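Letter by letter, the chains look like this.
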Amino acid sequence: MQLRYNYRAYPNASQRRALARAFGCARVVWNDCLRDRKQAHAAGLPYVTSAELSRLRITQAKRTEERAWLADVSAVVLQQSLRDLDAAYRNFFGSLKGKRQGRKVGPPRYKSKKDTRQSIRLNTNAFSLQDDGTVYVAKVGHLKVKWSRRLPAAPTSLTVTKDSSGRYFLSFVVDTEPDILPELEAESGLDLGLSAFAVLSDGTKIDSPRFLRRAEKKLKCLQRELSRKQKGSKNRAKARIRVARRHARVADRRRDWHHKASTQIIRDNQAVYVEDLAVSGLARTRLAKSVHDAGWSAFVGMLEYKAVKHGRTFARVDRAFPSSQVCSACGFRDGPKPLHVRQWTCGECGTVHDRDHNAARNVLFEGRRIVAVGRAETLNARGAPVRRAPVPAQRGEAGSPRKGQTTQAGIPGLQAREHVKSSSSTRCPSSPGVCRARPSSVSCSPSTRSPWCCFRFR
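Cut-offs applied
Residues numbered from 1 in each chain as written. Predicted model: local features only at pLDDT ≥ 70, side-chain atom pairs only at ≥ 80, totals over all residues. Heavy atoms only, no water. Helix = DSSP H or I, 4+ residues; strand = E, 2+ residues; numbered from the N terminus. Buried < 20%, exposed > 50% of the residue type's maximum accessible area, 1.4 Å probe, protein only. Areas by Shrake-Rupley, 256 points an atom, 1.4 Å probe, with all protein chains shown as cover. Core = buried A, V, L, I, M, F, W, Y, C linked by side-chain atoms within 4.5 Å. Contact = heavy atoms within 4.5 Å. Pairing = 2+ DSSP bridges. Axes fitted to C-alpha atoms, helices over the stretch in contact; angles between N-to-C directions. Parallel < 35°, antiparallel > 145°, perpendicular 65-115°, else oblique. Left-handed = near helix turned anticlockwise from the far one by under 90°. Nonpolar A, V, L, I, M, F, W, Y, C, P; charged D, E, K, R; others polar. Expected span 1.5 Å × (residues − 1). 1 Å grid on protein atoms, 1.4 Å probe; cavity = no way out; pocket = protein on both sides within 12 Å on 5 of 7 lines; lining within 4 Å. Points joined across faces, edges and corners; volume = space filled by probe spheres on them. Phe/Tyr/Trp six-rings, centres within 6.5 Å; stacked < 30°, edge-to-face > 60°. Salt bridge = Lys/Arg side-chain N within 4 Å of Asp/Glu carboxyl O.

(A) Just the overall build of the protein chain, in detail. Of regular secondary structure, the protein chain possesses 10 helices and 17 strands. By the burial criterion, 44% of the 458 residues in the protein chain qualify as buried. Surface exposure of the protein chain reaches about 25,000 Å², of which carbon and sulfur atoms provide 50%.

Shown next, in the form of structure tokens:
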């Protein structure tokens, strides 16, 4: 499996100028190649191949007076920019044809030097790790890096990034083996929310840290200072950096908290089940700021890849599943309830439920049912993986094959281990072993069925 390891870099003044040239050249190659393909499409001409674009916009462009400065940066940076454009087009075409899962992907767009994030990508031919702890980048120099943890193996690719607050990061993609943890008996269902960040099926509540809300007072002052500065002035640029740094601090604290919470949940449970929330829809409501502050998507993504890394079971419960409407004790569906109702009494058995705890228990039961029919990433009785999908590097970065010289790890003590559609309204008929929702694939058993499974219709 591929994992990404990020580290903070501290380039000096000359190295920052060299990185700025590299960012600009990669952006120009991207925009030139994108423009050629768009013009060819508008004129009804065939799709321009990558080989022709490489010859025209990289090799021949270096010999012209207008693009002679492309030779000042490593050729790997320019070629990788073209490969990134090809990947963007493949994702776009795959999304149009329905071959790519997930949300629809739009066509590639032009890049700007005013974008909040600038980056370049390098393969092993253009960077290497040195024995003194620095990272050599071709035509940039030896970058000083803060090694917060050890790399488990030699990296296959490197991405150098500059964020909106002026910080530089090195992102290594590493091929690693799964770090399987000892098996446990505990399983947990998670109900994500705003009042409490998460409620587990055993009743444990994880309070929401609300990092953005706690930083709003300081951000309001900084935003007010920024609005008073004259546009285009150096003071306005300095004020913008201060605002960006404050936002970056909030994002870093939230990410660190997500990592710690997700790691603890994965270590304490053999199986984790989470409801698949419509975050993009909730982010357009009056609760948008609180939804963004919670960061549910990032948290669930961490749970998913850490479950594969540590040999745990992970499953997503469909968002249409009525986790808040069904009694987890008897299976009676009591209907929808407004958000202000935090406790309710089942009209069938009289059990008093906490809304979030009851939803977490229902997510646990539904997750077990999903695993029973083989639709989740888990291990069967013999230890062989069942429908386990490969886990790519985070943010879609893929590794590059090593050609030429081999990148050496070069860091003392480099070691491997590093810790840090469901049917909601139908019930099974009274005869056990058959489910009306999935008559050919679901077999009910006392250990895997939901509480409302195999109940007669009411």
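(B) The arrangement of the nonpolar core in detail. If you look at the biggest cluster of nonpolar residues, it comprises 48 residues, and the most contacted ones within it are I120, L122, V135, L158, V160, L170 and F172. Examining the composition of this core, we find that 11 residues originate from one element, helix α1 (residues 13-42), more than from any other. Those residues in contact with L122 that sit more than four places away from it in its chain are V76, V77, F127, V137, S157, L158 and V160. F197, A261, W296 and F314 belong to the second largest nonpolar core, which has 20 residues in total.

(C) Main features of the sheet that holds strand β6 (residues 145-146). Taken together, the 5 strands give an open sheet; going across it, the order is β2-β7-β8-β1-β6, and neighbouring strands pair in antiparallel fashion. Looking at which strands have only one partner, the edges of the open sheet turn out to be β2 (118-123) and β6. Sheet topology places strand β7 (residues 157-162) next to strand β8 (residues 168-175); 6 bridges connect them, and they run antiparallel. Each bridged residue has a counterpart across the sheet, and for K162 the counterpart in β8 is Y168.

(D) Spatial organisation of the environment of D175. Inspection of the secondary structure assignment puts D175 in strand β8. With a relative accessible area of 42%, D175 lands in the partly exposed category. Each C-alpha atom, one on D175 and one on P155, is 7.3 Å from the other, the two residues being 20 residues apart in sequence. Excluding anything up to four places from it in sequence, D175 contacts M1, Q2, A153 and T156.

(E) View of the packing of α1 against helix α2 (residues 50-59). Taken N-terminus to C-terminus, the directions of α1 and α2 make an angle of 125 degrees; their axes are 10 Å apart at the nearest point. Classified by the interaxial angle, the pair formed by α1 and α2 is oblique. Every pair of crossing elements has a handedness; the one defined by α1 and α2 is right-handed. Between α1 and α2, the residues in contact are V29, D32, C33, D36 and R37 and S50, L53, L56, R57 and I58, respectively. Class assignment of the residues belonging to the contact of α1 with α2 gives a composition of 5 nonpolar, 1 polar and 4 charged.

(F) Spotlight on helix α6 (residues 234-268). The first and last C-alpha atoms of α6 sit 51 Å apart over 35 residues, in line with the 51 Å expected at 1.5 Å per residue. Residues of α6 that are buried include every one of A239, V243, A244, A248, V250, R254, H258, A261, S262, T263, I265 and I266, and no others.

(G) Focus on empty space enclosed by the protein. Approximately 60 Å³ is the volume found for the largest cavity. The wall of the largest cavity is formed by 13 residues, among which A18, A22, V73, K139 and V140 lie closest to the centre. Looking at the lining of the largest cavity, the elements that each hand over two or more residues are α1 and β2. Counting residues per element, the lining of the largest cavity draws most heavily on α1, at 3 residues.

(H) Just the packing of aromatic side chains, in detail. For the structure shown, the criterion picks out 10 aromatic pairs. Ring geometry for F197 against W257: centres 4.9 Å apart, planes inclined by 90 degrees, an arrangement best described as edge-to-face. Highlighted residues: F197 in strand β10 (residues 196-200) and W257 in helix α6, separated in sequence by 60 residues. On the basis of an interplanar angle of 85 degrees and a centroid distance of 5.0 Å, the ring pair of F197 and F299 is categorised as edge-to-face. With F197 in strand β10 and F299 in helix α9 (residues 296-309), the pair connects residues that are 102 residues apart, well separated along the chain.

(I) Representation of the pairing of strand β12 (residues 271-275) within the structure. When you tally the buried positions in β12, you get 5 out of 5 residues, the bulk of the element. Neither face of β12 is exposed, since A271, Y273 and E275 on one face and V272 and V274 on the opposite face are all buried. Where strand β9 (residues 187-192) lies against β12, 4 bridges are found, and the strand directions are parallel. Across the sheet, the residue bridging to G189 is Y273, located in β12. Inspection of the sheet shows β12 paired to strand β13 (residues 313-317) by 5 bridges, in the parallel sense. Residue A271 lies in a different strand from β13, and its bridge partner there is T313.

(J) The arrangement of the pattern of salt bridges in detail. Inspection of every chain in the model, using the stated rule, returns 19 salt bridges. The salt bridge partner of D84 is R121, with a shortest N-O separation of 3.0 Å. A residue pair is termed long-range when its members are at least 10 positions apart, and D84 in helix α3 (residues 75-97) and R121 in strand β2 qualify at 37 residues. Owing to a relative accessible area of 22%, D84 belongs among the partly exposed residues under this scheme. Between R368 and E187 there is a salt bridge, with its nearest N and O atoms 2.8 Å apart. With R368 in helix α10 (residues 355-372) and E187 in strand β9, this pair connects stretches of sequence that are 181 residues apart.

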